[in-house]
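# Structural description and commentary
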Amino acid sequence: GAGVSQSPSNKVTEKGKDVELRCDPISGHTALYWYRQSLGQGLEFLIYFQGNSAPDKSGLPSDRFSAERTGGSVSTLTIQRTQQEDSAVYLCASSLGAGGVQPQHFGDGTRLSIL
Amino acid sequence: SQQGEEDPQALSIQEGENATMNCSYKTSINNLQWYRQNSGRGLVHLILIRSNEREKHSGRLRVTLDTSKKSSSLLITASRAADTASYFCPESSAGSYQLTFGKGTKLSVIP
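Calculation criteria
- Residues numbered from 1 in each chain as written.
- Chains lettered and ligands numbered in written order.
- Predicted model: local features only at pLDDT ≥ 70, side-chain atom pairs only at ≥ 80, totals over all residues.
- Heavy atoms only, no water.
- Helix = DSSP H or I, 4+ residues; strand = E, 2+ residues; numbered from the N terminus.
- Rg over C-alpha atoms; globule rule 2.2 N^0.38 Å.
- Buried < 20%, exposed > 50% of the residue type's maximum accessible area, 1.4 Å probe, protein only.
- Contact = heavy atoms within 4.5 Å.
- Areas by Shrake-Rupley, 256 points an atom, 1.4 Å probe, with all protein chains shown as cover.
- Lys, Arg positive; Asp, Glu negative; His and termini not counted.
- Charge placed at Lys NZ, Arg CZ, Asp CG, Glu CD.
- Pairing = 2+ DSSP bridges.
- Axes fitted to C-alpha atoms, helices over the stretch in contact; angles between N-to-C directions.
- Salt bridge = Lys/Arg side-chain N within 4 Å of Asp/Glu carboxyl O.
- Buried area = accessible area lost by both parts, 1.4 Å probe.
- Polar contact = N/O pair within 3.5 Å; in protein donor to acceptor, adjacent residues only side chain to side chain.
- Nonpolar A, V, L, I, M, F, W, Y, C, P; charged D, E, K, R; others polar.
- Core = buried A, V, L, I, M, F, W, Y, C linked by side-chain atoms within 4.5 Å.

## Things to note about the overall build of chain B
Assigned secondary structure in chain B consists of zero helices and ten strands. On C-alpha atoms alone, chain B measures out to a radius of gyration of 13 Å, which is about the 13 Å that the 2.2 N^0.38 rule sets for 111 residues. In terms of its C-alpha atoms, chain B occupies a principal-axis envelope of roughly 40 × 25 × 20 Å. Every one of the 111 residues in chain B was classed for burial, and the buried ones make up 43%. Across chain B, every contact between residues at least 6 apart in sequence was considered, and the portion connecting residues at least 24 apart equals 55%. Counting only carbon and sulfur atoms, one obtains 44% of the accessible surface of chain B, whose full area is about 5300 Å². A gap of 4 Å separates the mean positions of the 13 positive and 10 negative side-chain charges of chain B.

## A few points about the pairing of strand 5 (residues 43–50) of chain B
Bridge count between strand 4 (residues 31–37) of chain B and strand 5 of chain B: seven bridges; the pairing is antiparallel. Paired with B:R36 across the strands is B:V44, a residue of strand 5 of chain B.

## Describing the sheet that holds strand 7 (residues 75–79) of chain A
Hydrogen bonds between backbone groups are what pair the strands of a sheet, and the pairing can be parallel or antiparallel. All names here are of chain A. Strand order in this open sheet of four strands is 1-3-7-6, and the pairing throughout is antiparallel. In the strand order of this sheet, the two ends are held by strand 1 (5–7) and strand 6 (65–69), each with one partner. Direction aside, the axes of adjacent strands within the sheet are offset by 15° on average. The sheet contact formed by strand 3 (residues 19–24) and strand 7 spans five bridges and is antiparallel. Bridge pairing links L21 to L77 in strand 7.

## Quick look at the pattern of salt bridges
In the structure shown here, the tally under the stated rule is six salt bridges over all chains. With its nearest N and O atoms 3.1 Å apart, the salt bridge here joins A:E44 to A:R36. Its salt-bridge partner being B:R62, residue B:E55 comes within 3.1 Å of it at the nearest N-O pair. The class of B:E55 is partly exposed, set by a relative accessible area of 40%.

## Let's talk about the interface of chain B and chain A
Counting residues at the interface gives 19 residues for chain B, matched by 22 residues for chain A. In this assembly, chain B packs against chain A so that about 1600 Å² is buried in total across both faces, 51% of it on carbon and sulfur atoms. In terms of surface lost to chain A, no three residues of chain B exceed B:L43, B:Y97 and B:F101, which account for 34% of the buried area on that side. Across the chain B-chain A interface, the total number found is one salt bridge. Across the salt bridge formed by B:R41 and A:D108, the nearest N and O atoms sit 3.0 Å from each other. Our count for the chain B to chain A interface comes out at four residue pairs in polar contact (both at pLDDT 80 or more). For the side of chain B that touches chain A, the element with the most residues is strand 4 of chain B, which contributes four residues. For the side of chain B that touches chain A, a count of residues per class yields seven nonpolar, ten polar and two charged.

## Focus: unusual backbone geometry
Here the residue pair A:S7 and A:P8 is connected by a cis peptide bond, since its omega of -10° sits within 30 degrees of zero. Inspection of the secondary structure assignment puts A:P8 in the loop between strand 1 and strand 2 (10–13). Put simply, B:D7 and B:P8 share a cis peptide bond, and its omega is 0°. With respect to the helices and strands, B:P8 occurs in the loop between strand 1 (5–7) and strand 2 (10–14). Although it is not a glycine, B:K70 adopts a positive phi angle of roughly 50°. Relative to the elements of secondary structure, B:K70 occurs in the loop between strand 7 (61–66) and strand 8 (71–76).

## Looking at the nonpolar core
One finds B:L32, B:W34, B:L74, B:I76, B:Y87 and B:L107 to be the most contacted residues of the largest nonpolar core, which totals 21 residues. In this view, B:L107 contacts B:L11, B:I13, B:A19, B:M21, B:I76, B:D83, B:T84, B:A85 and B:Y87; residues no more than four positions away in its chain are not counted. Membership of the second largest hydrophobic core comes to 20 residues, among which are A:V4, A:F49, A:Y90 and A:L112.

Okay, here's the thing in structure tokens:
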């Protein structure tokens, strides 16, 4: 069955470049989350989309980070002017509804390395 | 910060043994979820226990919840090498959609 799909699976780029990460959630899931996971750490919440509501951007670490979700489905996370501290695995998850009561389904992430 | 805290940080056992991991949280919850993360992969939802439940089973997994102590435990019976992974119990405050993750328990099952 189709799970959450993320692309690319790996991305290596030079400091200062912009990167765009893509997430295809499970069809019919209205909630979509982005997380960041640094080596050996737990997940850090970045942003949450629920249906047509305004996204919760409270976890974005700086204004270099932005995300959008077009048509309530595919989402892209954009990091501008990348820094070395942006190196991490970026995970996307989706759920049927509010994540606090619904299990979240995760993609395998994009491993981002900033040289 | 509010997050489910897993204990121990690392656990190494022989295949066939049982593994017990603990979780403490700080807020009032509607439910508590456990997730597994295999190396290099995303997280997989294992089990959800509601705040009015004390124990729940799923296959070789047994989860307990003590809301008076704000703690939960995950027991994996008859462990297998494939159970080697990190296990998380993210905290979700009542009325909130956010899951707040700790660093997890890294379980190693030695064949």
